[in-house]
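These are the residues of each chain, in order.
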Amino acid sequence: MAKHRELANIVFATTLGHTSASKIWRTVVFAGAMLVMPLAAGCGSRNKPAPLEPMPVTRTEPAPTEAEQDAKAAESKAAEDKAAAEAEAMAEQEAADKAAADAAAKEIAAKETADREAAAAEAAKKPRPRTTKARPTGRGFILS
Amino acid sequence: MDVLAAVDPQGRDEFYEPTSPWWLSGTPLEAEHHRLMRRRSVSIPWAASTAAALTAPERARLAGTWMRRSEAEYLAVSTFSVLALDLLAARAPADVLSLCLRAGIDEIRHAEMCVRMAEIYSGKQNLPPFGMSSLPDEPERPKLHQALANTMLVSCVSETYATTVLAATLELTTDPTAHAVLTSIYSDEVMHARLGWSYLRHAIETGDAGRKGETVIDAAAQMLPRALRGVANVVEAERPVGEVTPAVRTHGLMTPAEERVIFATCVREVLVPGFQALGVPVGSALDDYGDAWASAA
Ligand SMILES: [Fe+2]
Ligand SMILES: [Fe+2]
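Residues numbered from 1 in each chain as written. Chains lettered and ligands numbered in written order. Predicted model: local features only at pLDDT ≥ 70, side-chain atom pairs only at ≥ 80, totals over all residues. Heavy atoms only, no water.

**A few points about the overall build of chain A**
The secondary structure content of chain A amounts to two helices and zero strands. In chain A, which comprises 144 residues, the proportion classed as buried is 17%. Total accessible area on chain A is roughly 11200 Å²; 61% of this is exposed by carbon and sulfur atoms. (Helix = DSSP H or I, 4+ residues; strand = E, 2+ residues; numbered from the N terminus. Buried < 20%, exposed > 50% of the residue type's maximum accessible area, 1.4 Å probe, protein only. Areas by Shrake-Rupley, 256 points an atom, 1.4 Å probe, with all protein chains shown as cover.)

Below is the structure:
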């Protein structure tokens, strides 16, 4: 196995590395730096539902008769009364909910302020991504 | 002469499928993300992987390396983000800015592909390890010089080296999935590397007008040894445990010894001639990364 690897290294050093290098010279450096010209010349699928799009709705129905119109009027009056009662109940509920939400928001805001202060104190200890202190870390494609 | 004729980094993968859905947000943004991610040069035949024919230690070795690759690709996302700020500060031309910002998106695609490869070998759906770029920031320097120096580090040196490694690795890779992933990454890295060489030329030609003191060439020459050392640090780093068997090699992996040879070859045949052609002094680069360094593994 060791012999196999040694041989591979030699083959690589003499052929593959060179072939790649000359290819990169042509495709990257020569082309990128325009060396053909003189320099002075200037120059989830986690089973989530797909996003919904609104569909255009078009319907055609026959015109209603007079009796049907009366029945509909009575129906809509009852519906209006019911809706008014429901709206009143909802308003009361909303007021109660708002009071509870205000109290919760106050609590959350206090917690967020504490978290922000803790995070800021933590960040102050570490160098930020833009820093003069870290030495440059180059990168390339990790080979092995 | 269009030397990049064979490379289409703006291709469209007609057979695209979500690459690492476990890394996504679960919101409608995913649909647009997929539109961005399918813009790649080749289709990836995920189901064609021959990983099942490997031994458990071989699969573990490959999983370890692909996770490290995902870490490096993830880090490159923030690297290009920070570089974009430097280029903006230096009032770089619009094409330089758009290419730099697109490179960040490409690196997200690469990181996704790498964690998917790691999953193929390990069966585990991991996220790339967290990392943030630490490009040098020297506020007292002219903004152009900082932008140029960091472009050299990120693009001219690191990305050019990456393309050399990828080109060499591709020649040994026979597993169809690994081959397609490496080809896809390679086609993007070629553009990431060209970005640097183009900007370097542009900065040399236009940058010193009306400026006194340190020149663009001075700034480039100063950065070169630091940039080379930065990549050498990566080449010299520890490797995951496990033997690089012949079967492992066909899945796109070589030995640290070979990687040293590639870097030394890249310095000698690509980087040094490139900087010299642009008039940037290369100092002791050839001696620093010559045969002695290459065979020191
Ligand atoms: Fe990349
Ligand atoms: Fe890249």
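Anyway, onward from the coordinates.
**Observations regarding the confidence of the model for chain A**
Detailed reading of the predicted coordinates is not advisable wherever pLDDT falls low. On average, residues of chain A score 65 in pLDDT, and 51% of them reach the 70 mark or higher. Predicted confidence for residues 40–61 of chain A stays below pLDDT 50, and this span has 16 contacts to residues more than four positions away or in other chains. (pLDDT = per-residue confidence, 0-100. Contact = heavy atoms within 4.5 Å.)

**Some words on the coordination of the iron ion (ligand 1)**
Residue and element names in this part refer to chain B. Within the protein, the atoms that donate to the iron ion (ligand 1) are Glu73 (OE), Glu107 (OE), His110 (ND1) and Glu189 (OE), at distances of 2.0 to 2.3 Å. Here the iron ion (ligand 1) is ringed by four donor atoms whose angles at the metal span 81 to 143°, and the overall shape comes out irregular. If you look at the iron ion (ligand 1) and the iron ion (ligand 2), they sit 3.3 Å from each other and are both ligated by glutamate 107. Taken together, the residues span a long stretch of sequence, with glutamate 73 in helix α2 (residues 56–89) and histidine 110 in helix α3 (residues 94–122) at a distance of 37 residues. Grouping residues by exposure puts glutamate 73 and histidine 110 together as buried. (Donors = N, O, S within 2.8 Å, 3.2 Å for Na, K, Ca; no water. Tetrahedral: all angles 85-135°; square planar, octahedral: opposite > 155°, others 65-115°.)

**Some details on the coordination of the iron ion (ligand 2)**
Residues and elements named next belong to chain B. Distances from the iron ion (ligand 2) to its protein donors, Glu107 (OE), Glu159 (OE), Glu159 (OE), Glu189 (OE) and His192 (ND1), fall at 1.9 to 2.4 Å. Of note, the iron ion (ligand 2) draws all its donor residues from one chain, in the sequence arrangement E-x51-E-x29-E-x2-H. Residue classification places glutamate 159 among the buried residues on the basis of a relative accessible area of 0%.

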